[in-house]
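Analysis of the macromolecular model
If you want the building blocks of each chain, they are given just below.
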Amino acid sequence: MPSFDVVCEADMVEVKNAVEQSNKEITTRFDFKGSSAKVEQKEHELTAYADAEFQLDQVRDVLVNKLGKRKVDVRFLEDGKIEKIGGDKVKQVIKVKNGIETDDAKKIVRVIKDSKMKVQASIQGDAVRVTGAKRDDLQAAMAMLKKDVPDLPLEFNNFRD
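Notes on the structure in this doc start here. (Residues numbered from 1 in each chain as written. Predicted model: local features only at pLDDT ≥ 70, side-chain atom pairs only at ≥ 80, totals over all residues. Heavy atoms only, no water.)

**Thoughts on the packing of aromatic side chains**
Note the threshold: Only Phe, Tyr and Trp rings take part, Trp by its six-membered ring, and two of them pair if their centres are within 6.5 Å. Stacked means planes under 30 degrees apart, edge-to-face means over 60, and tilted covers everything else. Numbering of helices and strands runs from the N terminus; a helix is a DSSP stretch of H or I covering at least four residues, while a strand is a stretch of E covering at least two. Relative accessibility thresholds used throughout: buried, under 20% of the residue-type maximum; exposed, over 50%; partly exposed, between the two (1.4 Å probe, protein chains only). To sit over a ring, a charge needs its Lys NZ or Arg CZ within 6 Å of the ring centre and within 35 degrees of the ring normal.
With the rule as written, the count across this model stands at two aromatic pairs. Look at Phe4 and Phe156: their rings are 5.6 Å apart centre to centre, the planes differ by 85°, and that puts the pair in the edge-to-face class. You can see Phe4 sitting in strand S1 (residues 3-7) and its partner Phe156 sitting in strand S8 (residues 155-160), a full 152 residues away along the chain. Accessibility expressed as a relative area gives 0% for Phe4, which makes it buried. Geometrically, the ring pair formed by Phe4 and Phe159 is stacked, given 6.3 Å between the ring centres and 10° between the ring planes. Of the two residues, Phe4 is situated in strand S1 and Phe159 in strand S8; the sequence distance between them amounts to 155 residues. Taking NZ or CZ as reference, Lys38 lies 5.1 Å from the ring centre of Tyr49, over its face.

Quick look at the structure:
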């Protein structure tokens, strides 16, 4: 029976490349000269450092710009609160979403069931598996999910015929 998985995963290689490019741009920009502005990555967590909140916003803009150029959806980013660290320096933790949360998965299943399409959806861990009798039905379900769930950066993988 044909099926596919609906997932919400950022390409972490591209995220790493974007972080490296951001740091490279920050070190060469004139307005960051002599500052401690940078972006660090630990697994699915990015930390932006700067000397002031205004500069932190600029660091985040550089990061978002680089992510956009590398085709990483910025909806994966979840901003934390801005914290002060010694003196005037500030940092902000930015989480990179990975996997579909339970509430969002239930919403996706509800959208599919309400559409009256000839496909079934089931939650499998942090993904939603969609199965159907025909390949065309599955492709229609993909198009419908892209249109009806705009707040999540959904991807479709593991397509089996």
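Back to the write-up after that little detour.
**Brief notes about the sheet that holds S1**
For clarity, the cut-off: Following DSSP output, two strands are said to pair if at least two bridges run between them. To obtain an axis, a line is fitted to C-alpha atoms, over the contacting stretch when the element is a helix, and the angle between two such axes runs from 0 to 180 degrees between their N-to-C directions. Residue contacts follow a heavy-atom distance rule, with two residues in contact if any of their heavy atoms lie within 4.5 Å.
In space, the four strands of this open sheet follow the order S6-S7-S1-S8, with antiparallel pairing throughout. A single partner strand is all that each edge strand has here, and the edge strands are strand S6 (119-124) and S8. The sheet shows a mean angle of 25° between the axes of neighbouring strands, taken without regard to direction. Direction of pairing for S1 relative to S8: antiparallel, over a ladder of four bridges. If you follow Val6 over to S8, its bridge partner there is Phe156. Helix-sheet contacts for helix H3 (residues 102-114) involve S1, S6 and strand S7 (127-132), and the interaxial angle to S6 is about 170°. Helix-sheet contacts for helix H4 (residues 135-148) involve S1, S6, S7 and S8, and the interaxial angle to S8 is about 170°.

**Looking at the side chain of Thr47**
Looking at the element boundaries, Thr47 is found in strand S3 (residues 45-50). Every residue in contact with Thr47, bar those within four places of it in the chain, is listed here: Lys38, Val39, Glu40, Lys91, Gln92 and Val93.

**Things to note about the sheet that holds strand S5 (residues 90-96)**
Taken in spatial order, the four strands of this open sheet run S2-S3-S5-S4, and their pairing is antiparallel. With one partner strand each, in any of the chains shown, strand S2 (38-42) and strand S4 (77-84) form the two edges of the open sheet. Ignoring which end each strand starts from, the neighbouring axes of this sheet average 20° apart. The sheet contact formed by S2 and S3 spans five bridges and is antiparallel. For Lys42, the partnering residue across the bridge sits in S3 and is Glu45. Those strands touched by helix H2 (residues 53-69) are S2, S3, S4 and S5, and its axis lies near 140° from that of S3.

All we've got here are geometric facts, nothing functional implied.
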